[in-house]
Amino acid sequence: MPTPQTIVQVRGVSKRYQLGHVPVVALAEVSADIHANRFTVISGPSGSGKSTLLNLIGSLDVPDTGSIRVGNDHLSSLSDDQRSQFRARQIGFVFQSFNLISVLSAIENIEYPLRLTDTPKAQSRARASELLAAVGLAGKGHHLPSQLSGGQRQRVAIARALVARPALVLADEPTANLDRATGEDIIRLMRRMQHDTGTTFVFSSHDPALLEVADDRIHIVDGRIDRVEPASETLP
């Protein structure tokens, strides 16, 4: 059986925040490996540190101690500008609140990351149209977010996350604001997109439906890893 490739390596990472005059430890000496082309869920109760870890992997924040490597990028060695370039090149984000730009249409939201990288307009529009169809919204390209349901908005967000062909998609509680049936539809969609694109998906979530289909689970309690569960030893 082939050894799975490690795409994310976290070593001895700690992070604390200041809440007024009180320091709050979000993560304490966390180490973990995340394998490529897998569906990995970071789970734990509210306040356990799972979203903090996701943000650190996505270089939206920096750890106080420890190191994080994503692919060949050692995040601690990157400047602010280099971290911005790293996110644009390597990471797609999906948020529970969708984070779509309200004045842009669905297709404009999807192509927005490509426009930030100076991709030619015709090329970015063609790629956005391809992803719009892939998530089942081919007829909704000119709709504003306010004209879409919650499930449709999350589909747009998933397409936007994949449009630049990132190595890694990070999804923070992507089903939290959806009803159960819609959430399960979104999970099936993400699973299919992960299979079709070979992109690695990493989630922070306590959704049982998402945990059930995960390849690997990293469970965090009080800022520390409680256990790691490979859900399947069979590589995709």
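Please refer to the structure placed before this passage.
The structure displayed is predicted, hence computed values, not measured ones.

Peer 1: Can you help me understand the overall build of the protein in this one?
Peer 2: The helix and strand inventory of the protein stands at seven helices and 10 strands. For 236 residues, the compact-globule formula gives about 18 Å, and the C-alpha radius of gyration of the protein, at 18 Å, lands near that figure. Each principal axis of the C-alpha distribution contributes one length, and for the protein these read about 45 × 45 × 40 Å. Contacts spanning at least 24 positions in sequence make up 71% of the contacts within the protein whose residues lie at least 6 apart. If you sum the accessible surface of the protein, you get close to 11,500 Å²; carbon and sulfur atoms cover 49% of it. When the 25 positive and 25 negative side-chain charges of the protein are each reduced to one mean point, those points stand 4 Å apart.

Peer 1: Explain helix α3 (residues 106-116) here, please?
Peer 2: Helical geometry: 3.6 residues make up each α-helical turn, so side chains three or four residues apart lie on a common side. Taken together, the buried positions of α3 are occupied by Ala106, Ile107, Asn109, Ile110, Glu111 and Leu114. Its buried side turned inward, α3 meets α4 (121-134) and α5 (150-162). Downstream of α3 by a residue or two, Asp118 has a phi angle that is positive, lying close to 60°.

Peer 1: Please clarify how the pairing of strand β6 (residues 91-95) should be interpreted in this entry.
Peer 2: Residues in a regular strand project their side chains so that they alternate between the two faces of the sheet. Burial runs high along β6: four of the five residues are buried. Relative to strand β7 (residues 168-172), β6 runs parallel, the two sharing five bridges. Following the sheet pairing, Phe93 is matched in β7 by Leu170.

Peer 1: Quick question: what am I supposed to make of the packing of aromatic side chains here?
Peer 2: What characterises a pair of aromatic rings is the spacing of the ring centres plus the angle enclosed by the ring planes. Enumeration over the complete set of coordinates arrives at four aromatic pairs. Here Phe39 and Phe201 contribute two aromatic rings whose centre-to-centre distance is 5.8 Å and whose plane-to-plane angle is 40°, an arrangement assigned as tilted. With Phe39 in strand β3 (residues 39-43) and Phe201 in strand β8 (residues 200-204), this pair connects stretches of sequence that are 162 residues apart. Neither residue differs from the other here; Phe39 and Phe201 are each classed as buried. On the numbers, 5.9 Å between centres and 25° between planes, the contact of Phe201 with Phe203 is stacked. The class of Phe201 is buried, set by a relative accessible area of 1%. Residue classification places Phe203 among the buried positions, given a relative accessible area of 0%. For Arg191, the ring lying beneath its charged end belongs to Phe39, and the centroid distance is 4.5 Å.

Analysis parameters
- For every chain, the first residue of its written sequence is number 1, and the numbers climb from 1 along that sequence.
- Given that the model is predicted, a residue must reach a pLDDT of at least 70 before its local features are reported, and side-chain atom pairs must reach 80 or more before they are shown or counted; all residues, however, enter totals for whole chains, interfaces and linings.
- Note that the side-chain values use all heavy atoms of the structure and ignore hydrogens as well as water.
- Segments assigned H or I by DSSP are reported as helices when at least four residues long, segments assigned E as strands when at least two residues long, and all are numbered from the N terminus.
- All radius of gyration figures rest on C-alpha atoms, and the globule criterion is 2.2 Å times the number of residues raised to 0.38.
- Note on contacts: a residue pair is in contact if any heavy atoms of the two residues lie within 4.5 Å.
- Values of accessible area rely on a 1.4 Å probe in the Shrake-Rupley scheme; residue burial ignores everything except the protein chains shown.
- Neither His nor the chain termini are counted; the positive set is Lys and Arg, and the negative set is Asp and Glu.
- Charge positions come from single atoms, namely NZ of Lys, CZ of Arg, CG of Asp or CD of Glu.
- Each residue is placed in one exposure class: buried if its accessible area under a 1.4 Å probe, protein chains only, is under 20% of its type's maximum, exposed if it is over 50%, and partly exposed if it falls in between.
- By this definition, two strands are paired if DSSP reports at least two bridges between them.
- In this scheme Phe, Tyr and Trp rings, the latter by its six-membered ring, pair at centre separations within 6.5 Å, and the angle between planes marks the pair as stacked below 30 degrees, edge-to-face above 60, and tilted otherwise.
- Note on geometry: a ring has a charge over it if NZ (lysine) or CZ (arginine) is within 6 Å of the ring centre and within 35 degrees of the ring normal.

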